[in-house]
Amino acid sequence: MKKTALRIAHFKDSIFGVMSKLARDNNAVNLGQGFPDFDGPQWLKDLAKDKIEQGHGQYAPFMGTPSLRSSVSSYYKRFYQLDYNPDSEITITAGATEGLFISILGSIDPGDEVIVLEPFYDSYVSSIEMAGGVAVPVTLHAPDFNIIESELMRAITSKTKMIIVNNPHNPSGKVWEKNELEIIVKLAIKHDLFVISDEVYEFLVFDGAKHFPLAQFPGMRERTFTISSAGKTFGLTGWKTGWICAPPDLTKAVRLVHQYVTFSVATPMQEAIADGLNRLEDYLPEFRSTYKAKRDFFFEGLKKLGFEFSIPRGTYFMMVPIKSKTTKNDVEFAMELVQERKLATVPPSAFYLKSKEGQSYLRFCFAKNQSTLEAALKNLEGL
Ligand code: PMP
Ligand code: GLN
């Protein structure tokens, strides 16, 4: 029998699938994989139904519908004063995951090095490896997940072609300050690097935190693939619709890959999201306050149970330190919790290549119904 590709021989099942299966098998409350356990806004679901009724049943143009590319362009202008041409600088993808993959495949040659800031979203490294590139980790150090400029400088070699930044940051919930982003900006320009800025949680910021797209910084727009996703912004992860904003030469590269990976993305969803993005100003205040209330409730609950950490200012995740509760590492403790406490989390060591810091944390997703969060806290009582 022939063997399947060496390229993927060392890949394992993604930690998200593993933990969601363990949650199902153990009948556990699931705060692991990052998705809301409630649906997105009714008005957007109604719009999608209308779009299906109106037709839109055939392939969309491969780069995305004119309506959605125009809405994406418009919101970058309204929120960030960034001007992207819908025809030559915006591409619609099957979620941010495809956006990441095709940006990497379109710009990385075998042997090129790509800097990943760990802890990272797990698809980064697999996508780099599928392109034949080499992922070079630089650690964002717990508990504040700060970047250390000298460590980043040391990781850059003559082979470095790209750096991937995620802001707001999964799994820590960190929202990057301007002066921290300037460290990336300075080195990306100095070494002429491509940058992927994964901004899928751009609108999930709390307590007055401000999101700064990397493309806003002088010298960055021309080298940056900015990636986002309706899945996060509208709490509809199953709709799998995302986008890449990038200058024409980079857009050309991602489209060449995209046409052979997916060709195009579900047409009615694009049409509905196009209308949805035009209503962001009305929608976002309630979206943010809903998630903020969940964050506050769950954080207070964990605090009462004796977990001590700073409240995250972005995303729907918390990195919770476990050393005061157990001598086990993250994977062992996650197994104990899911089997004996009926609570699924994510052991974050899956998000690291180098540092062992993840072994002292578990990631919790708080994008859940009140009853789910209450059940999770109850299952943790008396630890
Ligand atoms: N980037 C980050 C940081 C994520 O957390 C996720 C997943 N939720 C994605 C990208 C992928 O988003 P999508 O579901 O749109 O593919
Ligand atoms: N991004 C989500 C998380 O971090 C999960 C995405 C996935 O399951 N691929 O949990």
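Keep in mind that this is a model prediction, so the values were computed, not measured.

Thoughts on the overall build of the protein
Line of reasoning, step 1. Secondary structure assignment for the protein yields 13 helices and eleven strands.
Line of reasoning, step 2. On C-alpha atoms alone, the protein measures out to a radius of gyration of 20 Å, which is about the 21 Å that the 2.2 N^0.38 rule sets for 383 residues.
Line of reasoning, step 3. A buried classification covers 56% of the 383 residues belonging to the protein.
Line of reasoning, step 4. For the protein, the share of sequence-separated contacts (at least 6 apart) that also reach a separation of at least 24 residues comes to 77%.
Line of reasoning, step 5. Roughly 16,100 Å² of accessible area belongs to the protein as shown, and the carbon and sulfur atoms make up 53% of that amount.
Line of reasoning, step 6. Here the protein carries 44 positive and 45 negative side-chain charges, and the mean point of each set is 3 Å from the other.

With respect to the environment of Lys77
Line of reasoning, step 1. Checked against the element boundaries, Lys77 lands in helix H3 (residues 66-80).
Line of reasoning, step 2. Other than its neighbours up to four places away in sequence, Lys77 contacts Leu82 and Asp83.

Some words on the site of ligand 2
Line of reasoning, step 1. Close contacts around ligand 2 come from Phe16, Gln33, Gly34, Tyr121, Asn170, Lys232, Phe317 and Arg363, and that covers them all.
Line of reasoning, step 2. In the environment of ligand 2, an oxygen atom lies 2.9 Å from a nitrogen or oxygen atom belonging to the side chain of Asn170.
Line of reasoning, step 3. Within the side chain of Arg363, an N or O atom sits 2.6 Å from an oxygen atom of ligand 2.
Line of reasoning, step 4. In terms of residue class, the shell around ligand 2 is built from three nonpolar, three polar and two charged.
Line of reasoning, step 5. Three or more residues apiece are contributed to the shell around ligand 2 by two domains, here domain 1 (6-41 + 283-380) and domain 2 (42-281).

Considerations on the site of ligand 1
Line of reasoning, step 1. Every residue close to ligand 1 is listed here: Gly95, Ala96, Thr97, Tyr121, Asn166, Asn170, Asp198, Val200, Tyr201, Ser229, Lys232 and Lys240.
Line of reasoning, step 2. Between ligand 1 and Tyr201, the relevant distance is 2.6 Å, taken from an oxygen atom to a side-chain nitrogen or oxygen of the residue.
Line of reasoning, step 3. In the complex, 93% of the free accessible area of ligand 1, which totals 390 Å², lies under the protein chains.
Line of reasoning, step 4. Taken together, the residues that form the shell around ligand 1 break down as four nonpolar, five polar and three charged.

With respect to the side chain of Asp122
Line of reasoning, step 1. Along the chain, Asp122 falls in the loop between strand E3 (113-118) and helix H5 (123-130).
Line of reasoning, step 2. Lacking a salt bridge, the buried Asp122 has Arg363 as its closest oppositely charged neighbour, with an N-O distance of 8.1 Å.
Line of reasoning, step 3. Apart from the residues within four sequence positions on either side, Asp122 is in contact with Ser14, Ile15 and Phe16.

What to know about the nonpolar core
Line of reasoning, step 1. Val72, Leu117 and Phe298 are the most contacted members of the largest nonpolar core, which has 122 residues in total.
Line of reasoning, step 2. Residue contributions to this core peak at eight residues, all from helix H11 (residues 280-304).
Line of reasoning, step 3. Per-domain counts for this core show at least three residues from each of domain 1 (6-41 + 283-380) and domain 2 (42-281).
Line of reasoning, step 4. The contact partners of Val72, leaving out residues within four places of it in the chain, are Ile90, Ile92, Trp243, Cys245 and Leu277.

Quick look at the pairing of strand E6 (residues 194-198)
Walk down a regular strand and you will see the side chains alternate between the two sheet faces.
Line of reasoning, step 1. Within E6, four of the five residues are buried, which leaves it mostly tucked inside the rest of the structure.
Line of reasoning, step 2. For the handedness criterion, the β-α-β arrangement of strand E5 (residues 160-166), helix H7 (residues 178-190) and E6 is classed as right-handed.
Line of reasoning, step 3. Sheet topology note: the E6/strand E7 (residues 224-229) ladder contains four bridges and is parallel. Among the inter-strand pairings, Ile196 is bridged to a residue of E7, identified as Phe225.

What to know about the sheet that holds E7
Line of reasoning, step 1. The mixed open sheet is built from seven strands, whose spatial order is E2-E8-E7-E6-E5-E3-E4. Two strands bound the open sheet, and with one partner strand each, they are strand E2 (90-93) and strand E4 (134-139). On average, each strand axis in the sheet is inclined to that of its neighbour by 20°, with strand direction left out of account.
Line of reasoning, step 2. Pairing between E3 and E4: six bridges, direction parallel. Following the sheet pairing, Glu113 is matched in E4 by Val134.
Line of reasoning, step 3. In the packing of helix H4 (residues 95-105) onto the sheet, the strands contacted are E2, E5, E6, E7 and strand E8 (242-245), and the crossing angle to E7 comes to about 165°.

Looking at the packing of H3 against H11
Line of reasoning, step 1. Contact geometry for H3 and H11: axes closest at 12 Å, N-to-C directions at 65°. Here H11 runs roughly perpendicular to H3, going by the angle between their axes. Side by side, H3 and H11 meet where Tyr75, Arg78 and Phe79 of the first sit next to Leu280, Glu281 and Leu284 of the second.
Line of reasoning, step 2. Considered class by class, the residues forming the contact of H3 with H11 number four nonpolar, no polar and two charged.

A closer look at the pattern of salt bridges
Line of reasoning, step 1. Overall, the coordinates contain 19 salt bridges when judged by the stated rule.
Line of reasoning, step 2. Lys186 is paired through a salt bridge with Glu149; the nearest N and O atoms lie 2.6 Å apart. Taken as a pair, Lys186 in helix H7 and Glu149 in helix H6 (residues 149-155) lie far apart in primary sequence, 37 residues in all.
Line of reasoning, step 3. Each member of the salt-bridge network shares a partner with another, and the members are Asp207, Lys292, Arg295 and Asp296.

Topic: the domain arrangement of the protein
Line of reasoning, step 1. With domains assigned, the protein is organised as domain 1 (6-41 + 283-380) and domain 2 (42-281).
Line of reasoning, step 2. For the domain 1 and domain 2 pair, buried surface summed over both sides reaches about 3,800 Å², with 60% attributable to carbon and sulfur atoms.
Line of reasoning, step 3. The largest per-residue losses of area from domain 1 upon contact with domain 2 belong to Pro41, Tyr283 and Arg313, which jointly make up 20% of the total buried on that side.
Line of reasoning, step 4. Our count for the contact surface shared by domain 1 and domain 2 stands at three salt bridges.
Line of reasoning, step 5. Its salt-bridge partner being Glu177, residue Arg313 comes within 3.1 Å of it at the nearest N-O pair.
Line of reasoning, step 6. In this structure, the connection of domain 1 to domain 2 is made through 26 residue pairs in polar contact (both at pLDDT 80 or more).
Line of reasoning, step 7. Every element with two or more residues in the side of domain 1 that touches domain 2 is listed here: helix H1 (15-25), H11, strand E9 (317-321) and strand E11 (361-365).
Line of reasoning, step 8. Grouping the amino acids of the side of domain 1 that touches domain 2 by side-chain chemistry returns 25 nonpolar, seven polar and nine charged.

Criteria and thresholds
Residues numbered from 1 in each chain as written. Chains lettered and ligands numbered in written order. Predicted model: local features only at pLDDT ≥ 70, side-chain atom pairs only at ≥ 80, totals over all residues. Heavy atoms only, no water. Helix = DSSP H or I, 4+ residues; strand = E, 2+ residues; numbered from the N terminus. Rg over C-alpha atoms; globule rule 2.2 N^0.38 Å. Buried < 20%, exposed > 50% of the residue type's maximum accessible area, 1.4 Å probe, protein only. Contact = heavy atoms within 4.5 Å. Areas by Shrake-Rupley, 256 points an atom, 1.4 Å probe, with all protein chains shown as cover. Lys, Arg positive; Asp, Glu negative; His and termini not counted. Charge placed at Lys NZ, Arg CZ, Asp CG, Glu CD. Near = heavy atom within 4 Å. Polar contact = N/O pair within 3.5 Å; in protein donor to acceptor, adjacent residues only side chain to side chain. Nonpolar A, V, L, I, M, F, W, Y, C, P; charged D, E, K, R; others polar. Domains from an automatic or database assignment. Salt bridge = Lys/Arg side-chain N within 4 Å of Asp/Glu carboxyl O. Core = buried A, V, L, I, M, F, W, Y, C linked by side-chain atoms within 4.5 Å. Right-handed = clockwise from strand over helix to strand, strands pointing away. Pairing = 2+ DSSP bridges. Axes fitted to C-alpha atoms, helices over the stretch in contact; angles between N-to-C directions. Parallel < 35°, antiparallel > 145°, perpendicular 65-115°, else oblique. Buried area = accessible area lost by both parts, 1.4 Å probe.

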